[in-house]
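# Working through the structure, step by step
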Amino acid sequence: MRYYDKLIFELSVPGRSGYSLPKNRFGAAPSLPDGLKRGTGLTLPEVSEVDVVRHYTNLSQMNFGVDTGFYPLGSCTMKYNPKLNEEIASHPSFAHLHPLQPAESVQGALEVYWNMERTLSEITGMSAFTFNPCAGAHGELTGLMIMRRYHELRGDSARVKVIVPDSAHGTNPASAAVCGLEVVQVRSLENGRIDVEALKPLLDETVAGIMMTNPNTLGLFETEIREIASLVHGVGGLLYYDGANMNPLVGVVRPGDMGFDIMHLNLHKTFSTPHGGGGPGSGPVGVAKHLERCLPSPRVVRGKDGRFAVESSSEDAAGQVSGFMGNFGVILRAYAYLLMLGKENLPLVGKYSTLSANYVKEMLKDVYKLPIEGICKHEFVFDGFVNDGSRDGVEGATTLDLAKRLLDFGFHAPTIYFPLLFHQAIMIEPTETESKETLDAFIAVMRKIAAEAAEDPSILHEAPHSTPVRRPDETTAARNPVLKWKNL
Amino acid sequence: MGQFAYFPHTEGEVKSMLERIGVSDLDALYADVPGEYLRKGEYDLPEALSEGEVRSFFDSLGKKNVPLKVFVGGGCYDHYSPAVIPALLSRSEFLTAYTPYQPEISQGTLRYIFEFQSMICALTGLDAANASLYDGPTSAAEAMMLSVASTRKKNRVLISDGLLPQVVKVVETYAKYHGVELGRVPVMGGQTCINCLRAELSKDDVAGVIVPSINRFGIVEDHSGFAELIHAEKGLLIEYCDPSALAVVKSPSEWDADVAVGDGQSLGIPLSFGGPYVGFMAVRSEYLRKMPGRIVGETVDRDGKRCYVLTLQAREQHIRREKATSNICSNESLMALYVTMYLSLMGPEGLRKVNELSSSGAHYLHDALLRTGKFEEVFPGKPFLKEFVLKPLTDPENLRKKLLEAGFFAAAPTEEGYVSFCVTENRTREEVDALLAAIEEILR
């Protein structure tokens, strides 16, 4: 990667342009009244098409993606993004559809929703799905709205609490708060699983439900799920499944069969759609039969004649959570992936992702601290180096140092300092699309770095050595925020 | 088992990995899962297709959609999209990257987000923008929550009836669950009513007011006096904008707004049946730390080089959990890149021309429709750009249906029984004339 230090604004030359527009063949439009016209100048770049192409090509070359190399970012499921999906998403008979077009003119698009709803329901054991949420956290919020709506429709207004394990993704408590629910934390046991005895006293008629990630953020299967489900259902609460960690269960275990009532999926994790540098994603929410009426509007329905229609609102629905029916382009990509995968390859998604994670864990656990032994699912968490090299006058190497040093070897870093249960957490998720050679190369580098740490941690403190920039000053960035181009 | 293109493991490799782990087979990796939960038997799903078969599948599915000439807006606009954008957007370094957690190898993403934020600030005239939000309607809902969080002990937010229906529905949904009381400000004579606003503000409980810069009838609203009234009550003025039109209409900062939100789709993003689009939010600096979503800031690295990082993360869920300003932990990054490249290519002049061309086409259609004698003006003399409504002197449902048969998506019905039209620079004179001919034929 080469450092390139320009902003598009800095390439601007007054009078230059990069657009191609038709001549006006309608005659001049009446001018807006002065009081409604923009009175201030508009500073946007004035650049040619070539300027734009070179600038963004240069920027792209300072970026690392899944196509660049191994991306073992825990809880993010950075699997390969098939190229066919991109081709399908830009298909002209889908890309130019207006969302308000009447149903009779978009039967193909509505069929995509219908078929995806059936497909995801079969994979997860849920009864129905909404595709309207645009991201995982948006799905969580939608799922909690459905939860509240369900209790409300039963005339039960006392349920104001949601239980969240201490190992949960930060979005869980944040989504609950946005949804007007009070968050009650339940602690984990030494073995990383929810403490069922600690859960029991929290359960009463004020509990709307529990949010669980299974396998949890340590990559461990919540083995007491049956008892937890029975306890929570016993007091009238619902079980929410955070689908961020669905990958190891694909084709093997269905959340619906474990008693979950509501769940979200991340199509950009489990179903191979690209992350796009932070989005667009898609966070469909699935529900069990008794919650179907609470799904948000609008919704695709099928008439007796087999024709599809869009139900724009319904009395029992939790409301409307996005402008239309979510990120259609992302849904198309995931559908193409699922068609390629087929039922015969489906179980291998889960099993191979679990195989990869356990293999990497076993190969490294003598040099990185493994706080909890045993089989993991698609990811696992180390708690720093076994030997961080600290001694008199020498500061040991940290997880941050490891992350930065990995960049020197052409690997993306794992997720670090999460979950919060450990001080030096290193969360590794290899996914099923990485070859043994790639995993072995990563393992070799991880071992080399562990040896460096033990010998001379300063190599790690100084890392990265080979990237376009090195350890940006984040403190100054937050203390004196510069959030736009200085000449604006 | 046959080999599948996205799974690189060979049978031999699987075996050796299992041996290293110390288990007999793949199923043994699930020994910790209670047996009753392990799926037995096949899934009721189709068998794997080849690439060619998937292509044909979507070809035939695509044929079930009817290609139409789009003459409707309603918050989603069929604007020109330069060829450069999809070509660069498909670069895998942008496409297949995650959120830029490791700034050393994410300067591409971070830099274009910084450019995006700068451009949103330029368009709105406000001090700071975030890295983008899901879409326009959810950005309005986030602004509602921001206003409540920013004002003390106030829990009521007013929304104009001139906002798009999807914006109103999403704001209502978030308000209900977030515990925000909503009030409505009616539209009178095609414009959010200032006297009604004044009456609603008298109770000293309003945290924010959301008004459309251009309302759902296509009318450019006059917000003179709005900020004064709202600020006197210590509330926030939130402008919901079409960012494309901000090149020519008064900007949120010129209306003295505190927050601007909207959907970036009108900046060249394909219609794509409703998504992915990109929401945006810009604020005055005093509200910066209450802003939801990712924010990118400029700094220097160890060697003093200018660079960019995710910043002000102390607001966010992974640190603050239930006390975060929002639950949002992503952005619509790739769509923000779309918008950034679009605005770079268009520049200030291109964006003005887009508005001029669209407005010319819309006024041409508007005047020609009135001349047919089958439509009446609803808000005579009210200024509009690319979108307008008329009252049809005929059955609107029949008109819409017949137009559909003729290959046009036009005359979308509003809840009042008006019909809505939109013309962008993508519509040629021939297409507009063909629409007019079709309408005259239908109404004959």
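About the cut-offs
Residues numbered from 1 in each chain as written. Chains lettered and ligands numbered in written order. Predicted model: local features only at pLDDT ≥ 70, side-chain atom pairs only at ≥ 80, totals over all residues. Contact = placed C-beta atoms within 7 Å. Helix = DSSP H or I, 4+ residues; strand = E, 2+ residues; numbered from the N terminus. Nonpolar A, V, L, I, M, F, W, Y, C, P; charged D, E, K, R; others polar. Pairing = 2+ DSSP bridges. Axes fitted to C-alpha atoms, helices over the stretch in contact; angles between N-to-C directions. Expected span 1.5 Å × (residues − 1). Buried ≥ 20, exposed ≤ 12 C-beta atoms within 10 Å, placed from the backbone. Parallel < 35°, antiparallel > 145°, perpendicular 65-115°, else oblique. Left-handed = near helix turned anticlockwise from the far one by under 90°. Domains from an automatic or database assignment.

## Notes on the interface of chain B and chain A
Counting residues at the interface gives 165 residues for chain B, matched by 173 residues for chain A. Here the element with the most residues in the side of chain B that touches chain A is helix 11 (residues 333-371) of chain B; it accounts for 21 residues. Its residues placed into classes, the side of chain B that touches chain A shows 83 nonpolar, 45 polar and 37 charged.

## Some thoughts on the sheet that holds strand 10 (residues 279-283) of chain B
Adjacent strands of a sheet form backbone hydrogen bonds with each other and so pair up, either parallel or antiparallel. Residue and element names in this part refer to chain B. Read from one edge to the other, the open sheet built from 7 strands follows the order 2-10-9-8-7-3-4, with strand pairing classed as mixed. A strand with exactly one partner marks an edge of an open sheet, and here the two such strands are strand 2 (128-129) and strand 4 (181-185). Pairing between strand 7 (residues 206-212) and strand 8 (residues 236-241): 5 bridges, direction parallel. Within strand 8, the position partnered with Val 209 by the bridge is Leu 237. Sheet strands in contact with helix 7 (residues 165-178) are strand 3 (156-160), strand 4, strand 7 and strand 8, and its direction is about 170° off that of strand 3. Contacts from helix 8 (residues 194-201) reach strand 3, strand 4 and strand 7, with the element oriented near 150° to strand 4.

## Things to note about the environment of Glu 104 of chain A
Here Glu 104 of chain A shows up in the loop between helix 3 (92-95) and helix 4 (107-124). C-alpha of Glu 104 of chain A to C-alpha of Phe 308 of chain A: the two residues are 204 residues apart in sequence and 7.9 Å apart in space.

## Comments concerning helix 5 (residues 107-124) of chain B
Residue and element names in this part refer to chain B. For helix 5, with 18 residues, the first-to-last C-alpha span of 25 Å sits near the 26 Å given by 1.5 Å per residue. In terms of residue burial, helix 5 counts as a mostly covered element, since 18 of its 18 residues are buried. Looking one or two residues beyond helix 5, the residue adopting positive phi is Gly 125, at roughly 80°.

## Comments concerning unusual backbone geometry
Looking along the chain, the bond that leaves Ser 297 of chain A and enters Pro 298 of chain A is cis, with omega of -10°. Inspection of the secondary structure puts Pro 298 of chain A in the loop between strand 7 (285-287) and strand 8 (299-302). In this chain, Ala 463 of chain A is followed by Pro 464 of chain A through a cis amide linkage whose omega measures 0°. As for its placement among the helices and strands, Pro 464 of chain A is situated in the loop between helix 12 (458-461) and helix 13 (474-479). With phi around 65°, Thr 431 of chain A is a residue other than glycine that occupies positive phi space. Within the element layout of this structure, Thr 431 of chain A appears in the loop between strand 12 (425-428) and helix 11 (436-455). Backbone geometry at Ser 132 of chain B places phi at a positive 110°, although glycine is not the residue there. Here Ser 132 of chain B shows up in the loop between strand 2 and helix 6 (136-150). A residue is classified by how many C-beta atoms lie within 10 Å of it, and Ser 132 of chain B, with 32 of them, is buried.

## Some words on the packing of helix 9 (residues 328-364) of chain A against helix 11 of chain A
All names here are of chain A. At a minimum axis distance of 10 Å, the contact between helix 9 and helix 11 shows a crossing angle of 30°. On the basis of their axis angle, the class for helix 9 and helix 11 is roughly parallel. Here the hand of the crossing between helix 9 and helix 11 comes out right-handed. Mapping the contact onto sequence places Ser 356, Tyr 359, Val 360, Met 363 and Leu 364 in helix 9 and Leu 439, Phe 442, Ile 443, Met 446 and Arg 447 in helix 11.

## Observations regarding the domain arrangement of chain B
Residue and element names in this part refer to chain B. Taken as a whole, chain B is organised into domain 1 (69-80 + 347-443) and domain 2 (84-340). If you average the C-alpha positions of domain 1 and of domain 2, the two centres end up 28 Å apart. Taken together, the contact between domain 1 and domain 2 spans 20 residues of the former and 19 residues of the latter. The set of elements that each furnish at least two residues to the side of domain 1 that touches domain 2 consists of helix 11 and strand 14 (387-392).

## Points about the domain arrangement of chain A
According to the domain assignment, chain A consists of domain 1 (8-60), domain 2 (83-340) and domain 3 (347-475). In this structure, domain 1 of chain A and domain 2 of chain A have C-alpha centres spaced 41 Å apart.

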